[in-house]
Amino acid sequence: MQEYDLARLCGKLNLLYFLHWDGGRAGPAARTLGSSCSLEDYNPPSLIMSSEASSPVQRPRPTTPPLSPGSPTSPVSPSSLRLPAYRHRDRSPSPMGGFLIPSPLPTRRNRTCSACARASEGPVFTGVCKCFSRSKGHGFITPSDGGNDIFVHISDIEGEYVPMEGDEVTYKLCSIPPKHEKIQAVEVNITHLAPGTKHETWSGMVVDS
């Protein structure tokens, strides 16, 4: 049935086009037939587009609900902002506060095999642990013969005890890349624990020296 309606529609469209192209010179019967035909009469309801369907649908815009009396509002000006009160906290001074820490940290893991071999062949030095932080993973050793304090990383400490201030140690020296202008202590061993201090092992056990 739909194919039949489409065929009739095409025939009527051809007739209307012929009447328009002919300019009124068609015969009286053709003009009478063309004037009496209408597209709406032969269009199936499914092919007729209404103006309501083609127009865009106007949807209401969402509105923001009003704020409740107790809800916070944005400040009008920066001067109306109130900063929280400053609370001073007493912090213990860091043992590494006055030392220059190499960056990046020279560890045993990123040291080359040739650098390790040269350090192992070098002489053994003695010194005293000046400071060491297990949480930070490094500290400094004061040489027995004087001179600048030497940096030591936690990965280069041998033995079962965590170094404490005043511990006597032995160590060897290794240059710090890439410029090799500074040195660090490697193969560090604690020879004498500082008397009167509590020492901690790497496993977490605390002993009195």
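Residues numbered from 1 in each chain as written. Predicted model: local features only at pLDDT ≥ 70, side-chain atom pairs only at ≥ 80, totals over all residues. Heavy atoms only, no water.

(A) The overall build of the chain, seen in detail. A tally of helices and strands in the chain yields five helices and seven strands. A burial count over the chain gives 24% of its 209 residues as buried. In the chain, the share of contacts with a sequence separation of at least 24, taken over all contacts with a separation of at least 6, comes to 57%. Of the accessible surface of the chain, which amounts to about 16,000 Å², a share of 57% is contributed by carbon and sulfur atoms. (Helix = DSSP H or I, 4+ residues; strand = E, 2+ residues; numbered from the N terminus. Buried < 20%, exposed > 50% of the residue type's maximum accessible area, 1.4 Å probe, protein only. Contact = heavy atoms within 4.5 Å. Areas by Shrake-Rupley, 256 points an atom, 1.4 Å probe, with all protein chains shown as cover.)

(B) Layout of the sheet that holds strand β2 (residues 138-143). The sheet built from five strands closes into a barrel, its strands ordered β1-β2-β3-β5-β4 with mixed pairing. Looking at each pair of strands side by side, their axes are set apart by 50° on average, direction ignored. Of the pairings in the sheet, the one linking strand β1 (residues 125-133) to β2 comprises six bridges and is antiparallel in character. Looking across to β2, one finds that G127 is bridged to P143. Against the sheet, helix α5 (residues 113-120) makes contact with β4 (168-176) and β5 (182-192), and its axis sits at roughly 140° relative to β4, the strand it touches most. (Pairing = 2+ DSSP bridges. Axes fitted to C-alpha atoms, helices over the stretch in contact; angles between N-to-C directions.)

(C) Here's a closer look at the state of the cysteines. Under the counting rule described, the total for this entry stands at zero disulfides. Residue C174 stays outside any disulfide, its sulfur separated by 6.5 Å from that of C116, the closest cysteine. (Disulfide = S-S within 2.5 Å.)

(D) Examining the packing of aromatic side chains more closely. Applying the stated criterion to the full structure yields two aromatic pairs. Residues F125 and Y171 carry aromatic rings whose centres are separated by 5.9 Å and whose planes lie at 25° to one another, so their mutual orientation is stacked. With F125 in strand β1 and Y171 in strand β4, this pair connects stretches of sequence that are 46 residues apart. Using a relative accessible area of 2% as the deciding quantity, one classes Y171 as buried. Ring geometry for F140 versus F151: centroids 5.7 Å apart, planes at 75°, classification edge-to-face. You can see F140 sitting in strand β2 and its partner F151 sitting in strand β3 (residues 150-153), a full 11 residues away along the chain. When its relative accessible area of 3% is taken as the criterion, F151 is described as buried. (Phe/Tyr/Trp six-rings, centres within 6.5 Å; stacked < 30°, edge-to-face > 60°.)

(E) Molecular detail of the confidence of the model for the chain. Looking at the chain, the pLDDT average stands at 75 and 59% of residues meet or exceed 70. A low-confidence stretch, residues 26-53 (pLDDT under 50), is modelled with 27 contacts involving residues beyond four sequence positions or located in other chains. (pLDDT = per-residue confidence, 0-100.)

(F) Representation of the nonpolar core. Grouped together as the largest cluster of nonpolar side chains are 11 residues: C129, F132, I141, I150, V152, I157, V162, V169, Y171, A185 and V188. Elements supplying a minimum of two residues to this core: β1, β3, β4 and β5. Once you skip the residues sitting within four places of it in the chain, I157 turns out to touch F132, V152, P163, V188 and W202. (Core = buried A, V, L, I, M, F, W, Y, C linked by side-chain atoms within 4.5 Å.)

(G) Up close: the pattern of salt bridges. As enumerated under the stated definition, the model contains six salt bridges in all. For K130, the salt bridge goes to D149, with nearest N and O atoms at 3.0 Å. Separated by 19 residues along the polypeptide, K130 in strand β1 and D149 in the loop between β2 and β3 bring together distant segments of the chain. In this structure K130 comes out as partly exposed when scored by relative accessible area, which is 39%. When its relative accessible area of 25% is taken as the criterion, D149 is described as partly exposed. E200 is the partner of R134 in a salt bridge, and the nearest nitrogen-oxygen pair spans 3.0 Å. (Salt bridge = Lys/Arg side-chain N within 4 Å of Asp/Glu carboxyl O.)

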